[in-house]
Amino acid sequence: MRIGELAEAVGVTTRAVRHYHHLGLLPEPERRANGYRDYTLRHAVVLARIRRLTELGLGLAEVRDVLADDAGKDLVEVLTELDEDLARQESAIRERRARLRALLDAEALPAEGPVSPELAALFARTAPLSDSPMAAKDREVLALIETAAPPEERERLMAVVGAVLESPEAVARANEAYALLDALVGVDPGDPRVEAAARRLAECTPRELLPEGAAIDHDSSFLRALYADFAPAQAEAIRRALRILTDARTDGTTDEEGAR
């Protein structure tokens, strides 16, 4: 058989046949006097087996192990591992579908979505602040944290934010801080309103949101990127608020006392 006839008989492409030759999965046939490959029934049998194994989901390296005479694993062992891997994938797909269903069943997807149902519920509780551009940036940062932070840190931070939002007074203070920060667009960083906004922001920010132990590095790449996303006066207010909070943590004062 010619290569095209072999490929057609097994239901693969000639490119696939050449690729299997290149990887050593399919033995090279003898060539006729005119230089064309002369495939036998044995080549068709091996090629058909390669196709069946790949359709089951085996990678080509695993197919090589199955086909090799000195394979370290027999077919039953390889297929058992494949079955276990598919079971893990199936479980992951069920979990992803459950998350998607929760998002689709929600009354409304947040603009920052998709996020977890827990964070979506937290965003819904900040609805009174939804018209504030600064509040919108806060939600974006929370969505970033949920994506990037380790699970334990993510759960801790979300619990702290959720606890704050349980208090109408705390929400009112946050609303006031957002309004002061929103008003700093186009303002000089040395304006007295910057200090007022910083103190109000520090007052309504729980210390638990700060990293534990180490001092805040204001020159870190993350904080530089964060500050760059705000107007200069807003960035200065956030920087001062963080300093107020870290100083209060050092001398043991409360958030409210440190903001005075």
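Everything below is about the structure shown above.
Residues numbered from 1 in each chain as written. Predicted model: local features only at pLDDT ≥ 70, side-chain atom pairs only at ≥ 80, totals over all residues. Heavy atoms only, no water.

*Asks:* Got a minute to help me understand the packing of helix 9 (residues 168–182) against helix 10 (residues 192–204) in this structure?
*Replies:* Helix-helix packing: each pair is described by the crossing angle between the helix axes and the interaxial distance. Where helix 9 meets helix 10, the closest approach of the two axes is 9 Å, and the angle between their N-to-C directions is 155°. By the angle between their axes, helix 9 is roughly antiparallel relative to helix 10. Considering the relative orientation of helix 9 and helix 10, their crossing is left-handed. Only Ala-196, Ala-197, Arg-200, Leu-201, Glu-203 and Cys-204 of helix 10 make contact with helix 9, whose side of the interface consists of Arg-173, Ala-174, Glu-176, Ala-177, Leu-180 and Leu-181. In terms of residue class, the contact of helix 9 with helix 10 is built from 8 nonpolar, no polar and 4 charged. (Axes fitted to C-alpha atoms, helices over the stretch in contact; angles between N-to-C directions. Helix = DSSP H or I, 4+ residues; strand = E, 2+ residues; numbered from the N terminus. Parallel < 35°, antiparallel > 145°, perpendicular 65-115°, else oblique. Left-handed = near helix turned anticlockwise from the far one by under 90°. Contact = heavy atoms within 4.5 Å. Nonpolar A, V, L, I, M, F, W, Y, C, P; charged D, E, K, R; others polar.)

*Asks:* Could you clarify how one ought to interpret the nonpolar core in this entry?
*Replies:* The nonpolar side chains of a soluble globular protein tend to be buried, and buried together. If you look at the biggest cluster of nonpolar residues, it comprises 28 residues, and the most contacted ones within it are Leu-181, Leu-184, Ala-237 and Leu-242. Those elements that provide at least two residues to this core are helix 7 (133–148), helix 9, helix 10, helix 11 (221–228) and helix 12 (232–251). Residue contributions to this core peak at 8 residues, all from helix 12. Dropping the residues within four chain positions of it, Leu-184 is found in contact with Arg-193, Val-194, Ala-197, Ala-233, Gln-234 and Ala-237. (Core = buried A, V, L, I, M, F, W, Y, C linked by side-chain atoms within 4.5 Å. Buried < 20%, exposed > 50% of the residue type's maximum accessible area, 1.4 Å probe, protein only.)

*Asks:* When you look at helix 3 (residues 41–56) in this model, what are you seeing that I'm missing?
*Replies:* An α-helix turns once every 3.6 residues. As a result, residues three or four positions apart point the same way. Between its terminal C-alpha atoms helix 3 stretches 23 Å, which fits the 22 Å expected from 16 residues at 1.5 Å a residue. Along helix 3, the positions that sit buried rather than exposed are His-43, Ala-44, Val-46, Leu-47, Ile-50 and Leu-53. Following helix 3 by one or two positions, Gly-57 adopts a phi angle in the positive range, close to 110°. (Expected span 1.5 Å × (residues − 1).)

*Asks:* What exactly am I supposed to notice about helix 8 (residues 151–165) here?
*Replies:* Here helix 8 is 15 residues long and its end C-alpha atoms lie 21 Å apart, about the 21 Å a rise of 1.5 Å per residue gives. Looking only at helix 8, the buried set comprises Leu-157, Met-158, Val-160, Val-161, Gly-162 and Leu-165. The secondary structure elements touched by the buried residues of helix 8 are helix 6 (117–125), helix 7 and helix 9.

*Asks:* In this structure, what is going on with the packing of aromatic side chains? I would like to understand it.
*Replies:* Summed over the entire model, instances satisfying the criterion amount to 0 aromatic pairs. In this structure, Arg-239 packs its charged tip against the face of Tyr-227, placed 4.2 Å from the ring centre. (Phe/Tyr/Trp six-rings, centres within 6.5 Å; stacked < 30°, edge-to-face > 60°. Lys NZ or Arg CZ within 6 Å of the ring centre and 35° of its normal.)

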